Amino acid sequence: MYGLKKDWAMEKRPRVCVLEDYVGREARWCPGCGDHAVLSSVQRLARDLQLPPEKTVVVSGIGCSSRFPHYMKTYGFHGLHGRAIPVACGIRSRRPDLDIFVVTGDGDCCAIGTAHWIHAIRYNMNITVLLLDNNIYGLTKAQTSPTTKRTERSNTHPRGSFFVSLNPISVTLGIDNASFVAQTVDWNPPHLYETIKAAHEHKGTSFVRILQRCPHYTSHIFAEAQRDSSLMLLMRHPEGINVPDAVAKTFKNQVEHDPSNLNEGREIASQSNGVYPIGLFYKNPQAERYDDFTSYGLDMGPSAKIEAVNEALDRFMV
Ligand SMILES: Cc1ncc(C[n+]2csc(CCOP(=O)(O)OP(=O)(O)O)c2C)c(N)n1
Ligand SMILES: [Mg+2]
């Protein structure tokens, strides 16, 4: 017909997602809050990897940072305080096909959610955990959190916190079967992006602590490190976080650290000289994954499932 192909309109075009396909509601965080930087990194990563929005889920607990799922145009679950990680593990147990991100705060993960955090690291299911650590309970207006530094003032410690703070990286590196442990900062977008990218690529529980500025309550704590890069230590290795040379050059302090060396990773994490190490402390792609067991039987049809349940129940017959 006049040289036209009859089925031209039926041609299936490849799907392309643009940034707007991942942008949800307008973020209500304060201007200058580090959470904005993490949000745009995750949105850009989703766009760059073309993650299908309907196959992506962001799970959070309660806190300022935990408002994250509202700001992504993907599936999301804004749940209960401290319970983000177990919800994500539950989703992963039966949905190997989804991309699962967890966004949690230092109160959410390291106080009320501690038991879940420890066991999830041991289970090593394939999820990406982003701990947005501003050293304070932000949403409830400035109470001391486990990561609040000694002497820092808050509403619960108006004369300054008097006890030693918890280091989430050292804790995670101490848990058997940890498989990916990294640290980055909200104020260095290339490092932040590359760290989240490497975490997402890793198959297992990736734990990323992001030092995050709270402009309202803890604006001073990372201000020095932001101004002076010698207060940070950049860990570099071909198997580590792949930052462009132009970015790496801006760090005066660097160390070559092989992320398969757990003991060296622990040493770097626990140094108490006031310098923040950033990069990959530890990676073990061979660590056992609990989701390899929980996804058993996903391909069974409904009648086979009923038969299996009946068989299991019959075993308890007296
Ligand atoms: C069971 C329960 N306990 C306490 C609270 C009150 N609460 C809400 S958010 C929060 C702490 C949030 O701090 P963090 O996780 O560090 O998040 P941020 O706001 O700093 O991002 C607390 C204690 C709650 N909502 N539910
Ligand atoms: Mg916090």
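All chains use their own residue numbering, which begins from 1 and follows the written sequence. Chains and ligands are labelled sequentially in the order written, the chains with letters from A and the ligands with numbers from 1. At least 70 in pLDDT is required for a residue's local features to be given in this predicted model, at least 80 for side-chain atom pairs to be given and counted, and no such filter applies to totals for whole chains, interfaces and linings, which use all residues. Only heavy atoms go into the side-chain values, all of them from the structure, while hydrogens and water stay out.

Turning our attention to the nonpolar core. Nonpolar side chains tend to gather and get buried jointly when the protein is soluble and globular. Core analysis: the biggest nonpolar cluster contains 43 residues, and Val38, Phe68, Leu130, Phe180, Ile196 and Met232 have the highest contact counts within it. The contact partners of Phe68, leaving out residues within four places of it in the chain, are Trp29, Asp35, Val38, Leu39, Val42, Val58 and Val103. Here, nonpolar core refers to any group of buried Ala, Val, Leu, Ile, Met, Phe, Trp, Tyr and Cys residues whose side-chain atoms link them within 4.5 Å. Each residue is placed in one exposure class: buried if its accessible area under a 1.4 Å probe, protein chains only, is under 20% of its type's maximum, exposed if it is over 50%, and partly exposed if it falls in between. Contacts: residue pairs with any heavy atoms within 4.5 Å of one another.

Each patch is built from residues that are more than 30% exposed by relative accessible area and take part in no salt bridge. Like charges join if they lie within 9 Å; nonpolar side chains (Val, Leu, Ile, Met, Phe, Trp, Tyr) join within 5 Å. All accessibility values rest on the Shrake-Rupley procedure with a 1.4 Å probe; residue burial counts only the protein chains present in the view. Whenever Lys or Arg places a side-chain nitrogen within 4 Å of a carboxyl oxygen from Asp or Glu, that contact is recorded as a salt bridge. Taken together, the side chains of Tyr123, Tyr290 and Phe293 make up a nonpolar region of the molecular surface, amounting to roughly 310 Å² of accessible area. As for its placement among the helices and strands, Phe293 is situated in helix α10 (residues 291–294). Judged by relative accessible area, Phe293 falls into the exposed class, the value being 52%. Put simply, DSSP marks the helices as runs of H or I at least four residues long and the strands as runs of E at least two long, and each gets a number from the N terminus on.

It is worth spelling out the site of ligand 1 at this point. Whether a residue is near a molecule or strand depends on its heavy atoms: if one lies within 4 Å, it is near. Near ligand 1 you find 16 residues, and of these Cys64, Ser65, Asp106, Gly107 and Asp108 are the closest. Here Asp106 contributes a side-chain N or O atom positioned 2.8 Å from an oxygen atom of ligand 1. Contacts described as polar in this section are N or O atom pairs within 3.5 Å, which, within protein, must combine one atom able to donate a hydrogen with one able to accept it, while residues neighboring in sequence count only if both atoms come from side chains. Note that an oxygen atom of ligand 1 is positioned 2.9 Å from one of the backbone N or O atoms of Leu139. Considering ligand 1 on its own, with 600 Å² of exposed area, one finds that the protein chains cover 73% of that surface. Looking at which element gives the most residues to the shell around ligand 1, the answer is helix α3 (residues 106–112), with 4 residues.

The next thing to look at is the coordination of the magnesium ion (ligand 2). Expected angles at a metal are 109.5 degrees for tetrahedral coordination by four donors and either 90 or 180 degrees for octahedral coordination by six donors. Each metal's donors comprise the N, O and S atoms found within 2.8 Å of it (within 3.2 Å for Na, K or Ca). Water is not part of the atom list, so some coordination spheres may appear incomplete. The protein atoms that coordinate the magnesium ion (ligand 2) are Asp106 (OD), Asn134 (OD1) and Ile136 (O), at distances of 2.1 to 2.2 Å. Along the chain, the residues that donate to the magnesium ion (ligand 2) are spaced as D-x27-N-x1-I. Under the relative-accessibility criterion, Asn134 is labelled buried at 8%. For Ile136, a relative accessible area of 4% translates into the label buried.

Residues are said to line a cavity or pocket when one of their atoms sits within 4 Å of a point; the points come from a 1 Å grid over protein atoms alone, cavities being sets where a 1.4 Å probe fits but cannot get out and pockets being open sets with protein on both sides within 12 Å along at least five of seven lines. Grid points are joined across faces, edges and corners, and a volume is the space filled by probe spheres set on the points. The volume enclosed by the largest pocket comes to roughly 600 Å³. Along the walls of the largest pocket sit 28 residues, with Lys149, Ser165, Gln271, Gly274 and Tyr276 positioned nearest its centre. Listed by contribution, the elements that provide at least two residues to the lining of the largest pocket are α7 (223–227), α9 (262–270) and β9 (276–283). Its boundaries defined by the atoms lining it, the second largest pocket holds a volume of some 300 Å³. The wall of the second largest pocket is formed by 18 residues, among which Trp29, Cys30, Cys64, Gly138 and Leu139 lie closest to the centre. Gly is put with the polar residues, along with every residue not named as nonpolar or charged; the nonpolar set is Ala, Val, Leu, Ile, Met, Phe, Trp, Tyr, Cys and Pro, and the charged set is Asp, Glu, Lys and Arg. Counted by class, the lining of the second largest pocket contains 9 nonpolar, 5 polar and 4 charged residues.

Tracing the backbone shows Ile175 in the loop between α5 (168–173) and β5 (180–185). Residue classification places Ile175 among the buried positions, given a relative accessible area of 10%. For the pair Ile175 and Trp117, spaced 58 residues apart in the sequence, the C-alpha separation amounts to 9.9 Å. Look past the residues within four positions of Ile175 in its chain and what remains in contact with it is Ile118, Ile121 and Arg122.

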